[in-house]
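Overview (structure and organization)
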Protein chains: 2
Amino acid sequence: MIFEEDKEAMETTFKAENILKSNGLRKTQIRLEMLQIFMGSKHALSVSDIEKDLKSSHDRVTIYRALNSFEENGILHQTPDPNGNMRYAICSDSCPEHVHQDKHAHFICEQCNQTYCLEDVKIPDVVLENGYQLNSISYTMNGICRECQPA
Amino acid sequence: MIFEEDKEAMETTFKAENILKSNGLRKTQIRLEMLQIFMGSKHALSVSDIEKDLKSSHDRVTIYRALNSFEENGILHQTPDPNGNMRYAICSDSCPEHVHQDKHAHFICEQCNQTYCLEDVKIPDVVLENGYQLNSISYTMNGICRECQPA
DNA sequence: TTATAAAAGCAAACTAATTGCGTTAGTTTG
DNA sequence: CAAACTAACGCAATTAGTTTGCTTTTATAA
């Protein structure tokens, strides 16, 4: 018998392998694991978040280099949280390299500092004066997330 | 005869003195100068921007401490630029302390890295699921600003 | 004018992130 | 399947931004 969780794990493993292969990256343990962590997270992760989630401990440099490689290949996008620390999230709708028009809004919790990707909240447009060339928009709400609400 | 520039300079000096006094802060040379720099800039400034603009050179620590003090008093607000470096801008519509609902949108130029405060571009609302407590919104456009447009 | 507390200035520490370099290990090719 | 190639790893050291501790200076108010 096959459990749902197993099926899901198999699927993310398969997807992760695919992402690496299609970008000409090697299939190493940590990179596979990192991709699966991103696929399983609905919010943007900091380097220390990733470190916590990894099964075995690795050098931070390795994590940084993997993140940069993923970013360069358009697999991840990065944005600083309100404290200026970088967070990374997987590009759900395969962004062309380096063009990350995050079409959805984000919510950052002031308590737990998590960045939630609100995939189904579309960013509304505004009217921009002439002369500006617009490439992307980020819409970020700040407040208290559901988990951190006082009862 | 009094020139326009002088009048303006006088006015910003006067305003700056007022801001300091009304927040119970001391009127020191560098703090006055910093406030005037912020009043004269339409975009958010990094610490090194400020250093460049100051007439006399000062210890960075002094600048950092002034910035933090201004931020705590609701005179400035801070946001990270896309590289994660902090930038500071004056709160035009006197924000209550620590609540910086930037009601206007920002534009960040990918070329010169400047953050423009688009004072008259209001941030549109979105519908947020129940359970989230919304405190503030930031709306940031990325692209090429007017100064950096290729001719 | 003197007292006092805020702000300045110097040195040192801390943290996030990057770079250099030798080693390990996926992947490709013969 | 072995050899060769090079991406990726891991350690040490460095850089950059920011903060902290402590002493000295100085704006302000008694």
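Residues numbered from 1 in each chain as written. Chains lettered and ligands numbered in written order. Predicted model: local features only at pLDDT ≥ 70, side-chain atom pairs only at ≥ 80, totals over all residues.

1. Digging into the environment of A:Thr140
- With respect to the element layout, A:Thr140 can be found in strand S6 (residues 133-144).
- Residue class for A:Thr140 comes out buried when judged on the 21 C-beta atoms lying within 10 Å of it.
- In the structure, A:Thr140 is positioned 34 residues away from A:His106 in sequence and 4.7 Å away in space, judged by C-alpha atoms.
- Sequence-distant contacts of A:Thr140, that is, excluding residues within four places in its chain, are made with A:His106, A:Ile108 and B:Ser138. (Helix = DSSP H or I, 4+ residues; strand = E, 2+ residues; numbered from the N terminus. Buried ≥ 20, exposed ≤ 12 C-beta atoms within 10 Å, placed from the backbone. Contact = placed C-beta atoms within 7 Å.)

2. Considering the protein's contact with DNA strand C
- Lining the immediate surroundings of DNA strand C are 21 residues, of which A:Lys27, A:Met86, B:Leu25, B:Arg26 and B:Thr28 lie closest.
- Secondary-structure elements contributing two or more residues to the surface near DNA strand C are helix H4 (60-72) of chain A together with helix H2 (29-39) and helix H4 (60-72) of chain B.
- For the surface near DNA strand C, the element with the highest residue contribution is H4(B), accounting for 5 residues.
- For the surface near DNA strand C, the residue count by class is 8 nonpolar, 7 polar and 6 charged. (Near = placed C-beta within 6 Å. Nonpolar A, V, L, I, M, F, W, Y, C, P; charged D, E, K, R; others polar.)

3. Regarding the protein's contact with DNA strand D
- Surrounding DNA strand D, one finds 23 residues, the nearest of these being A:Leu25, A:Arg26, A:Thr62, B:Lys27 and B:Met86.
- Of the residues forming the surface near DNA strand D, the biggest block, 5 residues, is contributed by H4(A).
- Residues of the surface near DNA strand D, tallied by class, amount to 8 nonpolar, 8 polar and 7 charged.

4. A few points about the interface of chain B and chain A
- Between chain B and chain A, the residue contacts involve 28 residues of the former and 28 residues of the latter.
- Residue assignment for the side of chain B that touches chain A shows that the elements contributing at least two residues are strand S4 (104-109) and strand S6 (133-144) of chain B.
- At 12 residues, S6(B) tops the list of elements feeding residues into the side of chain B that touches chain A.
- Among the residues forming the side of chain B that touches chain A, the class breakdown is 15 nonpolar, 11 polar and 2 charged.
- In the sheet, S6(A) pairs with S6(B) via 11 bridges, with the strands oriented antiparallel. Bridge pairing in S6(B) links A:Thr140 to B:Ser138. (Pairing = 2+ DSSP bridges.)

5. Side note on the nonpolar core
- Core analysis: the largest hydrophobic core is formed by 22 residues, its most contacted members being A:Ala105, A:Phe107, A:Tyr139, B:Ala105, B:Phe107 and B:Tyr139.
- Among the elements of the structure, strand S4 (104-109), strand S5 (115-122) and S6 of chain A together with S4, strand S5 (115-122) and S6 of chain B are those that each provide at least two residues to this core.
- Excluding anything up to four places from it in sequence, A:Tyr139 contacts A:Ala105, A:His106, A:Ile123 and B:Tyr139. (Core = buried A, V, L, I, M, F, W, Y, C linked by C-beta atoms within 7 Å.)

6. Examining the sheet that holds S4(B)
- An order of S1(A)-S5(A)-S4(A)-S6(A)-S6(B)-S4(B)-S5(B)-S1(B) is seen for the 8 strands of this open sheet, with the pairing classed as mixed. With one partner strand each, in any of the chains shown, strand S1 (43-44) of chain A together with strand S1 (43-44) of chain B form the two edges of the open sheet.
- As paired strands, S4(B) and S5(B) are joined by 5 bridges and run antiparallel to one another. Residue pairing across strands places B:His106 opposite B:Cys117, the latter belonging to S5(B).

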